[in-house]
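Okay, here's what each chain looks like letter by letter:
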Amino acid sequence: MSELQKLISRSESATAAFMKGLQFVPKEKRDWKPAPSSRSASEIAAHTTYWTIYFTKAIKGEKLTDPAEDAWKASTKELKDSAQTEKLVERVHQDFITAVKGLSEKDLDRVVEFPWGKENVAKALDGGIWHANYHQGQLNYIQTLLRDQEDHF
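Summary of the structure given here. (Residues numbered from 1 in each chain as written. Predicted model: local features only at pLDDT ≥ 70, side-chain atom pairs only at ≥ 80, totals over all residues. Heavy atoms only, no water.)

### A word on the overall build of the chain
Turning to step 1, where the next piece is worked out: Helices and strands together make up the secondary structure of the chain, namely 5 helices and 2 strands.
Turning to step 2, where the next piece is worked out: Order of helices (α) and strands (β) in the chain, N terminus to C terminus: α-α-α-α-β-β-α.
Turning to step 3, where the next piece is worked out: What you see for the chain is a C-alpha radius of gyration of 16 Å, in line with the 15 Å of a compact globule of 153 residues.
Turning to step 4, where the next piece is worked out: Along the first, second and third principal axes, the C-alpha atoms of the chain reach 45 × 35 × 25 Å.
Turning to step 5, where the next piece is worked out: Within the span of the chain, comprising 153 residues, buried residues form 41% of the whole.
Turning to step 6, where the next piece is worked out: Once local pairs closer than 6 in sequence are excluded, the contacts in the chain between residues at least 24 apart make up 69%.
Turning to step 7, where the next piece is worked out: Only carbon and sulfur atoms are counted for the fraction: they give 50% of the accessible area of the chain, which is about 8700 Å². (Helix = DSSP H or I, 4+ residues; strand = E, 2+ residues; numbered from the N terminus. Rg over C-alpha atoms; globule rule 2.2 N^0.38 Å. Buried < 20%, exposed > 50% of the residue type's maximum accessible area, 1.4 Å probe, protein only. Contact = heavy atoms within 4.5 Å. Areas by Shrake-Rupley, 256 points an atom, 1.4 Å probe, with all protein chains shown as cover.)

Here it is in structure tokens:
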């Protein structure tokens, strides 16, 4: 299996796991937080969606701007409603997978300039995948705090 095929497979798995993690947090509990300084499932979804869009732009070779996550979250009406949040998260993650599938092996070496430094596309992809997996774990933890102790793999 080529490096690109592995990245496509990992992208699909991370997307499916994140969506599943979100779906197992009850809709009526998605704004709940275990502490004022923590994030709710809705906030995790907004944050992850924002950065998935950012990584998608990066791997497609689009111009990146300095991140302004707070302004984006405040202006995104879809994130105020659980059903709309799921649709937006799914669409954004599918766009990421489509962008990955549109790459060639040669594209993986192309350099992307992020505000924090330069990375090749392969490393940027790895970052996007890692990011979705990390936050999927947070959603799973919220699920357990809400007394759902079942593993939903």
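### Overview of the packing of aromatic side chains
Turning to step 1, where the next piece is worked out: In total, this model carries 9 aromatic pairs according to the counting rule given.
Turning to step 2, where the next piece is worked out: Ring plane angle 55 degrees and centroid distance 6.0 Å describe the contact between Trp51 and Trp116, whose orientation is recorded as tilted. With Trp51 in helix H2 (residues 41-60) and Trp116 in the loop between strand S1 (111-114) and strand S2 (117-120), this residue pair connects regions lying 65 residues apart in the sequence.
Turning to step 3, where the next piece is worked out: Arranged with centres 6.3 Å apart and planes meeting at 35 degrees, the rings of Tyr54 and Trp116 form a pair that is tilted. Note that Tyr54 is positioned in helix H2 and Trp116 in the loop between S1 and S2, a separation of 62 residues in sequence.
Turning to step 4, where the next piece is worked out: For Tyr54, a relative accessible area of 5% corresponds to the buried category. (Phe/Tyr/Trp six-rings, centres within 6.5 Å; stacked < 30°, edge-to-face > 60°.)

### A closer look at the packing of H2 against helix H5 (residues 121-145)
Turning to step 1, where the next piece is worked out: Where H2 contacts H5, the two axes come as close as 10 Å, and the packing angle between them is 170 degrees. By the criterion of interaxial angle, the relationship of H2 to H5 is roughly antiparallel. When H2 is examined against H5, the residues Ala41, Ile44, His47, Thr48, Trp51, Phe55 and Ile59 are found in contact with a partner set consisting of Val121, Ala124, Leu125, Gly127, Gly128, His131, Ala132, His135, Gln138, Leu139 and Ile142.
Turning to step 2, where the next piece is worked out: Of the residues assigned to the contact of H2 with H5, the class counts are 11 nonpolar, 7 polar and no charged. (Axes fitted to C-alpha atoms, helices over the stretch in contact; angles between N-to-C directions. Parallel < 35°, antiparallel > 145°, perpendicular 65-115°, else oblique. Nonpolar A, V, L, I, M, F, W, Y, C, P; charged D, E, K, R; others polar.)

### Regarding H2
Turning to step 1, where the next piece is worked out: Its 20 residues place the ends of H2 28 Å apart at the C-alpha level, agreeing with the 28 Å of an ideal helix rising 1.5 Å per residue.
Turning to step 2, where the next piece is worked out: Among the 20 residues of H2, 16 are classified as buried, and the element is accordingly described as predominantly covered.
Turning to step 3, where the next piece is worked out: Two residues or fewer past H2, Gly61 is found with a positive phi of approximately 85 degrees. (Expected span 1.5 Å × (residues − 1).)

### A word on the environment of Leu64
Turning to step 1, where the next piece is worked out: Here Leu64 shows up in the loop between H2 and helix H3 (69-75).
Turning to step 2, where the next piece is worked out: A relative accessible area of 16% means that Leu64 is categorised as buried.
Turning to step 3, where the next piece is worked out: Each C-alpha atom, one on Leu64 and one on Ser13, is 26 Å from the other, the two residues being 51 residues apart in sequence.
Turning to step 4, where the next piece is worked out: Setting aside chain neighbours within four positions, we find Leu64 in contact with Tyr54, Lys57, Ala58, Val112, Glu113 and Phe114.

### A few points about the environment of Gln143
Turning to step 1, where the next piece is worked out: As for its position among the elements, Gln143 is in helix H5.
Turning to step 2, where the next piece is worked out: Each C-alpha atom, one on Gln143 and one on Gln23, is 9.8 Å from the other, the two residues being 120 residues apart in sequence.

### Topic: the pairing of S2
Turning to step 1, where the next piece is worked out: Bridge analysis of S1 against S2 gives 4 bridges, and the strand direction is antiparallel. Bridge pairing links Glu113 to Lys118 in S2.
Turning to step 2, where the next piece is worked out: In this structure, the hairpin formed by S1 and S2 is closed by a connection of 2 residues. (Pairing = 2+ DSSP bridges.)

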